[in-house]
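Listed below, chain by chain, are the residues.
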Amino acid sequence: MMFHLRFVFIPLFIILQLSVIEFVNGGFSVNLIHKKPSASSLLLQNTPQSKTNAYLGHYLMELSFGTPPVKIYGIADTGSDLTWTQCVPCIDCYKQLNPLFDPTKSSTYSNISCQSDKCSHWLDTGVCSSQNQCNYTYAYASASVTRGVLAQDTVTFTSPSGNPISLPGIAFGCGHNDTGSFNDHEMGIIGLGGGPISLISQIGPSIGGTKFSQCLVPFHTDVSITSKISFGDGSEVIGDGVVSTTMVSKEDKTPYFVTLNGLSVGDKYLPFDSSSNTVAKGNMFLDSGTPPTILPNKLYEELVDEVKKSVALTPIVNDPELGNQLCYRTSTNVNAPIITAHFEGGDVKLNNVQTFITPKDGVFCLGFTNTSSDGGIYGNFAQSNYLIGFDLDKHTVSFKPVDCTNQQ
Ligand SMILES: *[C@@H]1O[C@H](CO)[C@@H](O)[C@H](O)[C@H]1NC(C)=O
Ligand SMILES: *[C@@H]1O[C@H](CO)[C@@H](O)[C@H](O)[C@H]1NC(C)=O
Ligand SMILES: *[C@@H]1O[C@H](CO)[C@@H](O)[C@H](O)[C@H]1NC(C)=O
Ligand SMILES: *[C@@H]1O[C@H](CO)[C@@H](O)[C@H](O)[C@H]1NC(C)=O
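Residues numbered from 1 in each chain as written. Chains lettered and ligands numbered in written order. Predicted model: local features only at pLDDT ≥ 70, side-chain atom pairs only at ≥ 80, totals over all residues. Heavy atoms only, no water.

(A) Just the overall build of the chain, in detail. Looking only at helices and strands, the chain has 5 helices and 28 strands in total. Counting across all 408 residues of the chain, residues that qualify as buried make up 58%. Considering only contacts within the chain whose residues lie at least 6 apart along the sequence, 70% involve residues at least 24 apart. Per element, the accessible surface of the chain, about 15900 Å² overall, is 52% carbon and sulfur. (Helix = DSSP H or I, 4+ residues; strand = E, 2+ residues; numbered from the N terminus. Buried < 20%, exposed > 50% of the residue type's maximum accessible area, 1.4 Å probe, protein only. Contact = heavy atoms within 4.5 Å. Areas by Shrake-Rupley, 256 points an atom, 1.4 Å probe, with all protein chains shown as cover.)

(B) The pairing of strand β3 (residues 60–65), seen in detail. In terms of burial, β3 is a largely internal element, 6 of the 6 residues being buried. A two-sided burial pattern is seen for β3, the buried positions comprising Leu60, Glu62 and Ser64 on one face and Met61, Leu63 and Phe65 on the other. Pairing of β3 with strand β4 (residues 70–77), which is carried by 6 bridges, proceeds in the antiparallel orientation. In the strand pairing of β4, Met61 is matched with Gly74. The hairpin turn running from β3 into β4, its antiparallel successor, is 4 residues long, and Gly66 in that turn takes a positive phi close to 90°. Examined bridge by bridge, β3 and strand β9 (residues 145–157) share 2 bridges and lie antiparallel to one another. The residue of β9 that forms the bridge with Ser64 is Thr156. (Pairing = 2+ DSSP bridges.)

(C) Main features of the site of ligand 3. Neighbouring residues of ligand 3: Ile91, Arg147 and Asn177. Take Arg147: an N or O atom from its side chain is 3.0 Å from an oxygen atom of ligand 3. Asn177 is positioned such that a nitrogen or oxygen atom in its side chain is 2.3 Å from an oxygen atom of ligand 3. In the complex, 44% of the free accessible area of ligand 3, which totals 360 Å², lies under the protein chains. (Near = heavy atom within 4 Å. Polar contact = N/O pair within 3.5 Å; in protein donor to acceptor, adjacent residues only side chain to side chain.)

(D) Region of interest: the sheet that holds strand β20 (residues 327–329). Reading across from one edge, β20-β24-β23 is the order of the 3 strands in this open sheet, with antiparallel pairing throughout. At either margin of the open sheet sits one strand with a lone partner, and together these are β20 and β23 (356–360). Adjacent strand axes in the sheet meet at a mean angle of 35°, parallel and antiparallel pairs treated alike. Relative to strand β24 (residues 363–366), β20 runs antiparallel, the two being bridged by 3 bridges. Pairing of Tyr328 across the sheet is with Phe364, part of β24. This element, helix α3 (residues 297–310), spans β20, β23 and β24 of the sheet and lies at about 140° to β24. (Axes fitted to C-alpha atoms, helices over the stretch in contact; angles between N-to-C directions.)

(E) Representation of the pairing of β23. Across the 5 residues that make up β23, a large majority, 4, are buried. Sheet topology places β23 next to β24; 3 bridges connect them, and they run antiparallel. Within β24, the position partnered with Phe356 by the bridge is Leu366. Taken together, β23 and the strand that follows it, β24, pair antiparallel across an intervening segment of 2 residues, in which Gly362 is found at a positive phi of about 75°.

(F) Representation of the side chain of Thr293 within the structure. With respect to the helices and strands, the residue Thr293 is situated in strand β19 (residues 293–296). Only 3.1 Å separates the side chain of Thr293 from the backbone nitrogen of Gly379, close enough to count as a polar contact. Contact partners of Thr293, with chain neighbours within four places excluded, come to Met284, Gly367, Phe368, Thr369, Ile377, Tyr378, Gly379 and Ala382.

(G) Looking closely at the state of the cysteines. Taken as a whole, this structure holds 6 disulfides when the rule is applied. Bridging Cys119 to Cys134, the disulfide has an S-S length of 2.1 Å. Because the torsion about its S-S bond is 95°, the bridge between Cys119 and Cys134 counts as right-handed. Here the residue Cys119 occupies a position in helix α1 (residues 117–120), and Cys134 occupies one in strand β8 (residues 134–139), the gap between them amounting to 15 residues. Residue classification places Cys134 among the buried positions, given a relative accessible area of 0%. Each disulfide in the chain links cysteines that, numbered along the sequence, combine into the pattern 1-8, 2-3, 4-6, 5-7, 9-12, 10-11. (Disulfide = S-S within 2.5 Å.)

(H) Local environment of the pattern of salt bridges. Overall, the coordinates contain 9 salt bridges when judged by the stated rule. We note a salt bridge from Asp184 to Lys95, for which the minimum N-O separation is 3.6 Å. Of this pair, Asp184 sits in the loop between β10 (165–179) and β11 (188–191) while Lys95 sits in the loop between β5 (84–86) and β6 (110–111), placing them 89 residues apart in sequence. For Asp184, a relative accessible area of 25% corresponds to the partly exposed category. Note that Lys298 and Glu302 form a salt bridge whose closest N and O atoms lie 3.8 Å from each other. Linking Lys298 with Glu302, this pair stays in helix α3, spanning 4 residues, or about one helical turn. Residue Lys298 is classed as partly exposed on the basis of its relative accessible area, which comes to 42%. One continuous salt-bridge network, built from bridges that share partners, spans Asp319, Glu321 and Lys360. (Salt bridge = Lys/Arg side-chain N within 4 Å of Asp/Glu carboxyl O.)

(I) Expanded view of the nonpolar core. Counting residues in hydrophobic clusters, the biggest one holds 85 residues, and the most contacted among them are Leu303, Val307 and Tyr378. Sort the elements by how many residues they give to this core and β10 lands first, with 6 residues. In terms of domain composition, this core takes at least three residues from each of domain 1 (43–231) and domain 2 (243–406). Discounting chain neighbours no more than four positions away, the residues touching Leu303 are Leu263, Val265, Leu270, Leu295, Ile339, Leu366 and Phe368. (Core = buried A, V, L, I, M, F, W, Y, C linked by side-chain atoms within 4.5 Å. Domains from an automatic or database assignment.)

Quick look at the structure:
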């Protein structure tokens, strides 16, 4: 897919429902409910560039648009900026179970004109309509596309304990023509990237800081277990065991770029690029929308070789469903060494729960894959069981090992 670079990031694939549960000094936390995707959608052989259909599962976040508020369940995605939902009138939408958002029923809804700053951000991929309305097109690497009009309305984060927080004038996309690998529970995407129009950039100034932290439950977690994502003041990742790395600023403001010096499999250190003495700053970005961690071909091969050497099982070969990925036939998770991600500024240790996933019964596969590009993506399997803080004010990403299944 050759989209504008800014848009070439995939939505994610594990279902979490988020609802606000508490407020701390203007910041607030949201519950994450993990839903297991269907086993048949768990295969990793596609690279993001070729990804077409349901991949793994999504993390759903609950919020409401409009007055009176209408609940929206959107895929939480740190790899993109635009928050959008399917809207009436639908020109060409995918099937969704809940009713579409109807702008005419919201007293606080307004269109964004082509002269608005918010619109100028999008006009490179959209057009100004004859009604002076900001039409947008937003495409993802998964080949999903949403087209519609840029609008603004009040966004409400709903609290099970009855404490709603409402923020007026949040820009979002009213999607009228949406296609792609969405299931019927997904009403759009919540853009949590670092660009000016992302949800966190828009709400940050009202909630004590442009920062948030997420805790993703590991892939195999029972669906009844919840975890949290917190926004604004109080969401800082602090205390024992925290390591922080610098967010590397690039022209593309959306992805959270960080610098990975190398990986270790047990004690065996693998530099990010063994043919060079220096490491390119910002060679990886964190994406809650990408399940596997994606590495440049050479590093990926070195990683796979090391893992093979240290696992006393025979890799599965010739299973077309599994493709090239490294998989083992075993009823319990693979007994593999810890894989350490050596970020600039600190090490993040990953155990089997974060490095192996089971795409089908009795099979465990390494949750990493390869790309021909020079940089990689730190995916959501590897992000699980870490409280990860994204502080856009301080330009840091912080990691704290936490049992995300036990956050209540
Ligand atoms: C938004 O623009 C559409 C036309 O593009 C128009 O039909 C609708 O009435 C406008 N809504 C508001 C609230 O101005
Ligand atoms: C703008 O978007 C609206 C709604 O999606 C559509 O009806 C209209 O044709 C679009 N206008 C242009 C010029 O693309
Ligand atoms: C909907 O979007 C697709 C591309 O995603 C485009 O080919 C098609 O023409 C659009 N349909 C309408 C009615 O605008
Ligand atoms: C990934 O590695 C395999 C060999 O292991 C290779 O055939 C494939 O082309 C690589 N994919 C990309 C996107 O480079």
